[in-house]
Amino acid sequence: MNDSYPLYTEKRECQDCYKCVRHCPVKAISVNDGSALVTPELCIYCGKCYEICPVGAKKVPQEFNRAEQIIRLKESVYVSMSPSFFSEFSDRKDEVLSFLYAKGIAGVSETAIGAEYVSREIDRLLEAKSDKKLISTACPVIVKLINLYYPALKDNMTAVASPMVVHGRYLKEKFGPQTGVIFIGPCIAKKGEAREEGQAIDCALTFEELEKWMTESVGGPLRETVSGPVPEDFLEVRSGKASLYPLDGGMIQSLSGKHGENHSYHISGIDRVMEILGEIESRLNDGEGAFFELLSCSGGCINGPARTGRMSFYKKSSLLFDNMKSRTPFPGGENPAVYHDYRSTVPLNKVQFSEEEIEATLIGLDKRNKDDRLNCGGCGYNSCRDFAIAKLQGKAEKEMCAGNMRKQAQKKVNALIKTIPAGVVIVDHDKKIVECNSRFLDFFSETDLSDYQDMTDRAKGLSVENFGQISHQYSEVLFHRTEKEERIRYGDSVYKATFFTIEKDRLAGAIFQDVTQPSIRRGTIITKAEEVIRKNLESVQQIASLLGENAAETEIILNSVIEELKPPAKKDLK
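Conventions and cut-offs
- Residues numbered from 1 in each chain as written.
- Predicted model: local features only at pLDDT ≥ 70, side-chain atom pairs only at ≥ 80, totals over all residues.
- Heavy atoms only, no water.
- 1 Å grid on protein atoms, 1.4 Å probe; cavity = no way out; pocket = protein on both sides within 12 Å on 5 of 7 lines; lining within 4 Å.
- Points joined across faces, edges and corners; volume = space filled by probe spheres on them.
- Helix = DSSP H or I, 4+ residues; strand = E, 2+ residues; numbered from the N terminus.
- Nonpolar A, V, L, I, M, F, W, Y, C, P; charged D, E, K, R; others polar.
- Core = buried A, V, L, I, M, F, W, Y, C linked by side-chain atoms within 4.5 Å.
- Buried < 20%, exposed > 50% of the residue type's maximum accessible area, 1.4 Å probe, protein only.
- Contact = heavy atoms within 4.5 Å.
- Expected span 1.5 Å × (residues − 1).
- Arc of directions from axis to C-beta.
- Pairing = 2+ DSSP bridges.
- Axes fitted to C-alpha atoms, helices over the stretch in contact; angles between N-to-C directions.

## Looking at empty space enclosed by the protein
Taken as a whole and assessed by the stated rule, the structure comprises 4 cavities of 30 Å³ or more. Considering only enclosed or pocket space, the largest cavity measures out at about 380 Å³ in volume. In terms of lining residues, the largest cavity is bounded by 31 residues, among which Ser82, Ala138, Cys187, Lys190 and Cys301 are the most central. Contributing elements (two or more residues each) for the lining of the largest cavity: helix H6 (112–128), helix H7 (140–149), helix H8 (163–175), helix H9 (189–197) and strand S11 (290–295). Across the lining of the largest cavity, the residue classes break down as 23 nonpolar, 6 polar and 2 charged.

## Examining the nonpolar core
Formed by 93 residues in total, the largest nonpolar core has its most connected members in Ile44, Ile122, Ile135, Leu145, Leu277, Leu294 and Met400. Not counting chain neighbours up to four residues away, the residues in contact with Leu277 comprise Ile135, Leu145, Ile146, Tyr150, Leu153 and Leu294. Core analysis: the next-biggest nonpolar cluster, separate from the first, contains 31 residues, Ile70, Met81, Leu97 and Leu210 among them.

## Observations concerning the layout of surface pockets
Taken as a whole, the largest pocket holds about 770 Å³ of empty space. Every element with two or more residues in the lining of the largest pocket is listed here: helix H1 (19–23), helix H12 (270–282) and helix H15 (384–392). No other element matches H15, which puts 3 residues into the lining of the largest pocket.

## Comments concerning unusual backbone geometry
Of note in this structure, Asp33 is not a glycine but carries a positive phi near 55 degrees. Mapping Asp33 onto the fold places it in the loop between strand S2 (29–32) and strand S3 (35–38). Residue Asp33 is classed as exposed on the basis of its relative accessible area, which comes to 67%.

## Looking at H12
Spanning 13 residues, H12 covers 19 Å between terminal C-alpha atoms, matching the ideal 18 Å at 1.5 Å per step. Along H12, the residues that are buried comprise Ile270, Val273, Met274, Ile276, Leu277 and Ile280. Axial view of H12: buried residues confined to an arc of 165 degrees, hence all on one face. Of the exposed residues in H12, the ones pointing more than 90 degrees away from its buried face are Asp271, Glu275 and Ser282.

## Notes on the sheet that holds strand S12 (residues 423–428)
Through backbone hydrogen bonds, the strands of a sheet pair up, either in parallel or in antiparallel fashion. Taken together, 5 strands build an open sheet; the order of strands is S13-S12-S16-S15-S14 and the sheet is antiparallel. Strands at the two margins of the open sheet, each flanked by one partner only, are strand S13 (433–436) and strand S14 (483–490). Adjacent strand axes in the sheet meet at a mean angle of 25 degrees when their direction is disregarded. Sheet analysis places S12 next to S13, joined by 3 bridges and oriented antiparallel. Opposite Val427, over in S13, you have Ile433 as the bridge partner.

Right, here's the structure in full:
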């Protein structure tokens, strides 16, 4: 665990599924010894991997203990509550506020107040720079994305601080610079933004953390344990239209609308955002001014990765609109400091690889031709080429290629089946041969086997009924998942046959040993003799005083049988 980053992987829980690699929009996942680790210098903290990890191996550091420490150390601490609160806890507002005030919070205020000041400043910017393409900086994921992956657009960011930061400054101006401010919302990236900005916000918690904080503080769900007087409400000043900021297009709705609707665009969802950023890059110099409200989460912040997930998107949207309709216009007041330079000064170091390096890596991954390069996406990358580049970057391992690993496993199985001295056959649910070795064909086929490799290939797909009348033996193991052993006579030979299930109702196998062959008989007798010696010696240790010389005589006799049956040693030619 690394508390200095908003997101990390618990290696012990990672299950090698590569689902996070597949869903990460910027491929900020490095696979090391089978564990998919978040790479901080590449990560934009959108939380996609956190949401989709099937085993919960992606973790967000829990900081409510830090929040409690801030409450103890600061003379007064205020909560900046994301406007998404009304879509998550509308039916539990009194419960949450009661808890926070009981913890020692001096007051709870709406982050949307900061959003009101942001909207006012955006209005001014759009009037002053009507010929420029401007991108909102309210979403920390978008800010990180542009800094790392679209640096040509850095100067197009508005540089207006996010509502969280502006609200933190507002609270510290209102109640004093030593005031503590704790932000609570559905966003993981806000944790990183709070640390990077470093002054307005002392600690950022997610809604999931708030839920856990409440539960752990009272030893159970708070709604069942909190009692007492009606809790205090939010602080007196309430926002107006900016309470819609958590919705896709909510920021634009809070603007004055004097700038022309055709030149204001709202896009949500990281994939769509990346598509539009690429288009903005290609049209930077066309002279057309526009404003882009970009949000990482599809639908807006109410779908943030650290939401509680108790309601549908439709229900949450309705709650936000109902909450906004009941409000009076924002009263305003002196503007707090609203600007912040979000432009990163550390560019992402992009290493370029030659075509020769990429091709050599593909060959090293056993992808030698077009047929090997399936672009199946099983590794998490869109193509085998992307996978090879990730391997060159040290972000991927050969074992991530499921197709290649399956092929390697099949080669090993085939080699084992072909070299084993017994006859081996695998059949499917129709009792047709999936795999067999030449020994099996030696035993049960009357065809000339001068080219046995070709014959094993030709046997695939044939019914096992064509070989030794053993078809009926498979029914029980195929459909009832049992194992059975029988003696089968075919021609002049007797075979020890072991039938077993590989996959119930799908695959079954059998191993045949010709017990009439001298080498098999000899080996069986040697094994039995050695087993008798072992058991006899174990008995000797227990009742040595009774057996005396008889035990030694038995061992000598059995050893002489073994030596007699063993093949003669090769003579030394020297």
